[in-house]
Amino acid sequence: TRSTRPQRLLAAVQKNATRGDPRSVVSAIDQFCRQKEWAMNVGDEKGCILDSVVSETNPTTVLELGTYCAYSTVRIASLLPPHSKLITLEFNPDYAKIARQVIAWAGLQDKINLVEGASGDLIPKMKEMFGVNTFDLVFLDHWKDRYLPDTKLLEKCGLLRKGTILLADNVICPGTPDYLEYIRNSPQYESRYFKSHLEYTKVEDGLEKSVFLG
Ligand code: SAM
Ligand code: MG
């Protein structure tokens, strides 16, 4: 049987990245996606914005919605201070299997908790499963029609605190109009757009960074 794109992406990592070196894993994936096959990672250009937000937030608890092959997971985890935890959710078992191997190649398995399942089912379980009180940073990058309902679920479950940062990818392409409308108009958030391009293309896309005001 033919291999899948995530399997080919993993093979490129194992061929071209140094074990235990997260930045070489990120570079190997970007090179694969620019030279061989496009894939839905946040990518190098928006990845730099993601890195700055992670660095300035210096979070100890991070939630990522949508792991895919763990490209952004590795980017985020490599910048986290010691003793911090990153929980990343993925409902596709084939992607989760590849992601675990990418994370292991980067040597970041101790910092990352990859949980298989749907965000709508898992968000209400964060407190009991992981003893998380609130998140410092949430990266939204799963299916675009889930951004708004899952944000409301995070609010309802008390997982946001005054100052929690929501960072949402692909708010222009493919686009998340209902989420943007909500987050930009709610008095509970202070929101700002970071203009960039869809991963590995010249098409406009960007990240929306929103601070929960409580
Ligand atoms: N964040 C990744 C990166 O930048 O490297 C890319 C994530 S990809 C754009 C979106 C992923 O979210 C897919 O792998 C998809 O299977 C997963 N997904 C979509 N909806 C989900 C949900 N409700 N719960 C869990 N995973 C979901
Ligand atoms: Mg994305």
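Residues numbered from 1 in each chain as written. Chains lettered and ligands numbered in written order. Predicted model: local features only at pLDDT ≥ 70, side-chain atom pairs only at ≥ 80, totals over all residues. Heavy atoms only, no water.

**Focus on the overall build of the protein**
Line of reasoning, step 1. In terms of helices and strands, the protein carries 10 helices and seven strands.
Line of reasoning, step 2. Taken against the 2.2 N^0.38 rule, which gives 17 Å for 214 residues, the C-alpha radius of gyration of the protein at 16 Å falls within 12% of a compact globule.
Line of reasoning, step 3. Dimensions along the principal axes, computed over C-alpha positions, put the protein at roughly 50 × 40 × 35 Å.
Line of reasoning, step 4. A buried classification covers 54% of the 214 residues belonging to the protein.
Line of reasoning, step 5. Long-range pairs, those at least 24 residues apart, make up 72% of the contacts in the protein between residues at least 6 apart in sequence. (Helix = DSSP H or I, 4+ residues; strand = E, 2+ residues; numbered from the N terminus. Rg over C-alpha atoms; globule rule 2.2 N^0.38 Å. Buried < 20%, exposed > 50% of the residue type's maximum accessible area, 1.4 Å probe, protein only. Contact = heavy atoms within 4.5 Å.)

**Concerning unusual backbone geometry**
Line of reasoning, step 1. For the bond from Cys173 to Pro174, the omega torsion is 0 degrees, close enough to zero to count as cis.
Line of reasoning, step 2. Its place among the elements puts Pro174 in helix H9 (residues 171–175).
Line of reasoning, step 3. Its identity as a non-glycine residue notwithstanding, Ala70 has a phi of 75 degrees, on the positive side.
Line of reasoning, step 4. Tracing the chain through its elements places Ala70 in the loop between strand S1 (61–65) and helix H4 (71–77).

**A word on the packing of helix H2 (residues 22–35) against helix H5 (residues 93–106)**
Any two packed helices are characterised by the angle at which their axes cross and by the distance between the axes.
Line of reasoning, step 1. Two numbers describe how H2 lies on H5: the axes approach to 8 Å, and their chain directions differ by 135 degrees. The pairing of H2 with H5 is recorded here as oblique in orientation. Between H2, through Pro22, Val25 and Ile29, and H5, the contact on the second element is made entirely by Val102, Trp105 and Ala106.
Line of reasoning, step 2. Residue classes in the contact of H2 with H5 are distributed as six nonpolar, no polar and no charged. (Axes fitted to C-alpha atoms, helices over the stretch in contact; angles between N-to-C directions. Parallel < 35°, antiparallel > 145°, perpendicular 65-115°, else oblique. Nonpolar A, V, L, I, M, F, W, Y, C, P; charged D, E, K, R; others polar.)

**Structural notes on the nonpolar core**
Line of reasoning, step 1. Core analysis: the biggest nonpolar cluster contains 44 residues, and Leu9, Val25, Ile29, Ile76 and Val102 have the highest contact counts within it.
Line of reasoning, step 2. Of all the elements in the fold, those that place two or more residues in this core are helix H1 (5–16), H2, helix H3 (43–57), H4, H5, strand S3 (112–116), strand S4 (135–140) and strand S5 (160–168).
Line of reasoning, step 3. Broken down by element, this core gets its largest block of residues, seven residues, from H5.
Line of reasoning, step 4. Among residues more than four places away in sequence, those in contact with Val25 are Val13, Ala17, Val74, Val102, Trp105 and Ala106.
Line of reasoning, step 5. Core analysis: the second largest hydrophobic core is formed by 28 residues, Met126, Leu154, Leu159 and Phe212 among them. (Core = buried A, V, L, I, M, F, W, Y, C linked by side-chain atoms within 4.5 Å.)

**What to know about the coordination of the magnesium ion (ligand 2)**
Line of reasoning, step 1. Within the protein, the magnesium ion (ligand 2) binds to Asp141 (OD), Asp169 (OD) and Asn170 (OD1); these donor distances fall in the range 2.1 Å.
Line of reasoning, step 2. Written as a sequence motif, the donor residues of the magnesium ion (ligand 2) are D-x27-D-N. Taken together, the residues span a long stretch of sequence, with Asp141 in the loop between S4 and helix H8 (147–156) and Asn170 in the loop between S5 and H9 at a distance of 29 residues. (Donors = N, O, S within 2.8 Å, 3.2 Å for Na, K, Ca; no water.)

**Considerations on the site of ligand 1**
Line of reasoning, step 1. Looking at ligand 1, there are 20 residues lining it, with Val42, Gly66, Ser72, Glu90 and Asp141 nearest.
Line of reasoning, step 2. Here an oxygen atom of ligand 1 sits 2.7 Å away from a polar atom, N or O, in the main chain of Val42.
Line of reasoning, step 3. A distance of 3.2 Å separates a nitrogen atom of ligand 1 from a polar backbone atom of Phe91.
Line of reasoning, step 4. Protein burial of ligand 1: of its 610 Å² of free accessible surface, 98% is covered by the chains.
Line of reasoning, step 5. Only H4 and strand S2 (85–90) provide two or more residues apiece to the shell around ligand 1.
Line of reasoning, step 6. Across the shell around ligand 1, the residue classes tally to nine nonpolar, eight polar and three charged. (Near = heavy atom within 4 Å. Polar contact = N/O pair within 3.5 Å; in protein donor to acceptor, adjacent residues only side chain to side chain. Areas by Shrake-Rupley, 256 points an atom, 1.4 Å probe, with all protein chains shown as cover.)

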